[in-house]
Amino acid sequence: QQQVKQSPQSLIVQKGGISIINCAYENTAFDYFPWYQQFPGKGPALLIAIRPDVSEKKEGRFTISFNKSAKQFSLHIMDSQPGDSATYFCAAQPGGNNRKLIWGLGTSLAVNP
Amino acid sequence: EAQVTQNPRYLITVTGKKLTVTCSQNMNHEYMSWYRQDPGLGLRQIYYSMNVEVTDKGDVPEGYKVSRKEKRNFPLILESPSPNQTSLYFCASSFSGQGKRGYTFGSGTRLTVV
């Protein structure tokens, strides 16, 4: 049972365009929602994260939009660049001392030059 | 440099031959975890450790063992590897502070069991 559903599985965007990746969760006990970026041959790295008490968080060209009532959150990459080509994972984490992350299955993003 | 170090990066072995993948972190993190990554299946947690001498099963623990005798080290042991354990393995340690929490991952170990 996939508790965090991520879409699309793959995405092709032209340079300068906007990349949008969506995730939906079921468990209302989640209180932290990170996105990880993984380049080929590397481990995932924390990109940006949000808590459910805010609806949007922006860091440079990367923005998380969060809709608590719909239990959905999305990653927007503005002015997408070929260097953004990577696999992106959304995740969710319960509150308290529970460090376990519940992962989406990933989105492979290709940004064409 | 703060990092998680895994060794080896690549390993080809035969069915049944015991192997150990080492993992070490230099950030004094209490929580460490092992994942395997397979196409279409994302990241699946194998085992995790909340602290020294405290380990517990993740989602796919069958065929694996771990130990945590020191805070910095968290080796993954395959007592009798099988071809279905061919995968990309990641070790990670968890950080929390300055309003952020997350995992620092190693660079991965690509294991092939023939």
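Predicted, not measured: the structure shown is a model, and the values here were computed from it. (Residues numbered from 1 in each chain as written. Chains lettered and ligands numbered in written order. Predicted model: local features only at pLDDT ≥ 70, side-chain atom pairs only at ≥ 80, totals over all residues. Heavy atoms only, no water.)

1. What about the state of the cysteines?
Covalently bonding the sulfur atom of one cysteine to the sulfur atom of another cysteine gives a disulfide. In total, this model carries two disulfides over all chains according to the counting rule given. The partner cysteine of C23 of chain A in its disulfide is C90 of chain A, sulfur to sulfur 1.8 Å. Taking the sign of the torsion about the S-S bond as the criterion, the disulfide between C23 of chain A and C90 of chain A, at about -95°, is left-handed. On the criterion of sequence distance, the pair formed by C23 of chain A in strand β3 (residues 19–25) and C90 of chain A in strand β9 (residues 86–94) is long-range, its members being 67 residues apart. In this structure C90 of chain A comes out as buried when scored by relative accessible area, which is 0%. A sulfur-sulfur separation of 1.9 Å characterises the disulfide bridge that pairs C23 of chain B with C91 of chain B. Measuring the twist about the S-S bond at about -70°, one finds the C23 of chain B-C91 of chain B disulfide to be left-handed. (Disulfide = S-S within 2.5 Å. Helix = DSSP H or I, 4+ residues; strand = E, 2+ residues; numbered from the N terminus. Buried < 20%, exposed > 50% of the residue type's maximum accessible area, 1.4 Å probe, protein only.)

2. What to know about the interface of chain B and chain A
Facing 22 residues of chain B, the contacting portion of chain A comprises 20 residues. Buried area between chain B and chain A, summed over both chains or domains, comes out near 1800 Å², and the portion from carbon and sulfur atoms is 49%. Our enumeration of links across chain B and chain A arrives at two salt bridges. Applying the counting rule to chain B against chain A returns 10 residue pairs in polar contact (both at pLDDT 80 or more). Taken together, the elements giving at least two residues each to the side of chain B that touches chain A come down to β4 (32–38), β5 (42–51), β9 (87–97) and β10 (100–105) of chain B. Considering every element that reaches the side of chain B that touches chain A, the biggest residue donor is β10 of chain B, with five residues. A breakdown of the residues in the side of chain B that touches chain A according to their chemical character gives nine nonpolar, nine polar and four charged. (Contact = heavy atoms within 4.5 Å. Buried area = accessible area lost by both parts, 1.4 Å probe. Salt bridge = Lys/Arg side-chain N within 4 Å of Asp/Glu carboxyl O. Polar contact = N/O pair within 3.5 Å; in protein donor to acceptor, adjacent residues only side chain to side chain. Nonpolar A, V, L, I, M, F, W, Y, C, P; charged D, E, K, R; others polar.)

3. A few points about the sheet that holds strand β1 (residues 4–7) of chain B
Residues and elements named next belong to chain B. Read across the open sheet, the four strands follow the order β1-β3-β8-β7; overall the sheet is antiparallel. Of all the strands in the sheet, the pair left with one neighbour each is β1 and β7 (65–66). Both strand β3 (residues 19–25) and strand β8 (residues 76–78) contribute to a ladder of three bridges, which runs antiparallel. Directly across from T20, in β8, lies its bridge partner I77. (Pairing = 2+ DSSP bridges.)

4. Comments concerning the packing of aromatic side chains
Here the structure, examined in full by the defined rule, presents 21 aromatic pairs over all chains. Taking 6.4 Å as the distance between ring centres and 90° as the angle between the ring planes, the aromatic pair formed by F30 of chain A and F33 of chain A counts as edge-to-face. Residue classification places F30 of chain A among the buried positions, given a relative accessible area of 5%. A relative accessible area of 0% means that F33 of chain A is categorised as buried. Residues F89 of chain A and W103 of chain A carry aromatic rings whose centres are separated by 6.0 Å and whose planes lie at 90° to one another, so their mutual orientation is edge-to-face. Of this pair, F89 of chain A sits in strand β9 while W103 of chain A sits in strand β10 (residues 102–103); the two residues are 14 residues apart in sequence, bridging distant segments of the chain. The pair F89 of chain A / W103 of chain A is uniform in exposure class, with both members buried. Three or more aromatic residues joined by ring pairs make a cluster, and in this case those are Y36, F89 and W103 of chain A together with Y31, Y35, Y48, F90, Y103 and F105 of chain B. Over the aromatic face of F74 of chain B sits the side chain of R68 of chain B, whose NZ or CZ is 5.9 Å from the ring centroid. (Phe/Tyr/Trp six-rings, centres within 6.5 Å; stacked < 30°, edge-to-face > 60°. Lys NZ or Arg CZ within 6 Å of the ring centre and 35° of its normal.)

Limitation: the analysis is restricted to geometry and does not speak to function.
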